[in-house]
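Here is how the chains run, residue by residue.
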Amino acid sequence: MGGLAKKITHHLVTLVLVIVLCTTIVEGTKHVSIKNRLGSGRNMTLHCQSKDNDLGKQNIAYGDEFGWDFSDNVAGTTLFFCDLGWENVEEFHFDAYSFARDRVRCGDAGCSWLVSIEGIYGLNGQTGYWEFMYQWPN
Ligand SMILES: *[C@@H]1O[C@H](CO)[C@@H](O)[C@H](O)[C@H]1NC(C)=O
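Please read these numbers as outputs of a predicted model, since none were measured by experiment.

**Some points on the overall build of the protein chain**
Summing up its helical and strand segments, the protein chain has two helices and nine strands in all. Mapped from its N terminus to its C terminus, the protein chain presents α and β elements in the order α-β-β-β-β-β-β-α-β-β-β.

So this is what it looks like as C-alpha cells:
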C-alpha cells in the first residue's frame, strides 16, 4: 500500500471509531417529558427530583412541557419522582421514571407523560399506546 492509501485507511478507521463511540454515548441517554394537557388557561406546577438532582420548581402553561435528559445508573436504581399541582389537586406525588417499572415499558427513548383533568397518561414505548397511569385522588 502506498503512503496515501495508508493515510486514508488510518483516517477511515479513526472516523468509524468516533462514530461508534458517539452512538454508544447517545444510546445511553434517555429523556423524560411531562406535558400540560389540562386545558386552556390551566397551569400546573411541577417539582421533579432524584436522590442526586433537584430539577427545580416549574410553572408549566397549557400546551407546554418540561423535560430532562439522564442515563440509567449502573446499579439499576434510577428514580425520578415529582410533585405536581394544579387548580383541583394541591400536590400529587408520582414517579416520572423508575428503572424497575420503566426501563422496558418506556423503551430506550425514556418516558413521556400527559397531564390531563382525568389524571396522568404515560406512553408505553413497546405498544405505542398511552396508558392511564395515575388517577387524581378524590
Ligand atoms: C400561567 O402561566 C403563565 C406563564 O407561565 C403566566 O403568565 C400566567 O399568569 C399563569 N396563570 C395563572 C392563572 O397562574
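**So, the sheet that holds strand 1 (residues 30-36)**
Here we have five strands laid out as an open sheet, ordered 4-1-7-8-9, and mixed in their pairing. Since the sheet does not close on itself, it has two edges, and those belong to strand 4 (65-70) and strand 9 (130-135), each with one partner. Averaged over all pairs of adjacent strands, the angle between strand axes in this sheet comes to 20°, irrespective of strand direction. Pairing analysis gives six bridges linking strand 1 to strand 4, with the strands arranged antiparallel. Along strand 4, the bridge assignment pairs isoleucine 34 with phenylalanine 66.

**Quick notes on the nonpolar core**
Buried together is how nonpolar side chains tend to be arranged in soluble globular proteins. The biggest cluster of nonpolar side chains holds 18 residues, and the ones touching the most others in it are Ile34, Leu46, Ala96 and Val115. Among the secondary structure elements, those contributing two or more residues to this core are strand 1, strand 2 (44-49), strand 5 (79-86), strand 6 (89-98) and strand 7 (112-115). Those residues in contact with alanine 96 that sit more than four places away from it in its chain are Val32, Ile34, Cys48, Phe80, Phe81, Cys82, Cys111 and Trp113.

**A word on the pairing of strand 5**
The side chains of a regular strand alternate between the sheet's two faces. In this sheet, strand 5 lies alongside strand 2 in antiparallel orientation, the contact comprising six bridges. Directly across from methionine 44, in strand 5, lies its bridge partner tryptophan 86. Note that strand 5 and strand 6 share seven bridges and pair antiparallel. Within the sheet, the bridge partner assigned to leucine 79 lies in strand 6 and is serine 98. Where strand 5 folds back on strand 6, the antiparallel hairpin that results is connected by two residues.

**Concerning the environment of glycine 107**
Positionally, glycine 107 belongs in the loop between helix 2 (99-105) and strand 7. Put simply, glycine 107 and glutamine 126 are 19 residues apart on the chain and 6.4 Å apart in space, counted from C-alpha to C-alpha. Setting aside its immediate chain neighbours within four residues, glycine 107 contacts Gly125 and Gln126.

**Digging into the sheet that holds strand 2**
The sheet built from four strands is open, its strands ordered 3-2-5-6 with antiparallel pairing. Looking at which strands have only one partner, the edges of the open sheet turn out to be strand 3 (54-60) and strand 6. Each adjacent strand pair in this sheet contributes to an overall mean axis angle of 15°, direction not counted.

**Section: the pairing of strand 8 (residues 119-123)**
Taken together, the three bridges between strand 7 and strand 8 define a ladder with antiparallel strand orientation. Looking across to strand 8, one finds that leucine 114 is bridged to tyrosine 121. With antiparallel pairing between neighbouring strands as the criterion, strand 7 and strand 8 make up a hairpin whose turn holds three residues. Hairpin connection between strand 8 and strand 9: a loop of six residues separates the two successive antiparallel strands, and glycine 128 in this loop has a positive phi of roughly 80°.

**Looking at the environment of glutamine 49**
Examined against the element boundaries, glutamine 49 turns out to sit in strand 2. Given 15 C-beta atoms within 10 Å, glutamine 49 falls into the partly exposed group. Ignoring any residue separated from it by four or fewer positions in sequence, one finds glutamine 49 in contact with Asp54, Leu55 and Phe81.

What counts and what doesn't
- Residues numbered from 1 in each chain as written.
- Predicted model: local features only at pLDDT ≥ 70, side-chain atom pairs only at ≥ 80, totals over all residues.
- Helix = DSSP H or I, 4+ residues; strand = E, 2+ residues; numbered from the N terminus.
- Pairing = 2+ DSSP bridges.
- Axes fitted to C-alpha atoms, helices over the stretch in contact; angles between N-to-C directions.
- Core = buried A, V, L, I, M, F, W, Y, C linked by C-beta atoms within 7 Å.
- Buried ≥ 20, exposed ≤ 12 C-beta atoms within 10 Å, placed from the backbone.
- Contact = placed C-beta atoms within 7 Å.

No statement about biological role is implied by the geometric values presented.
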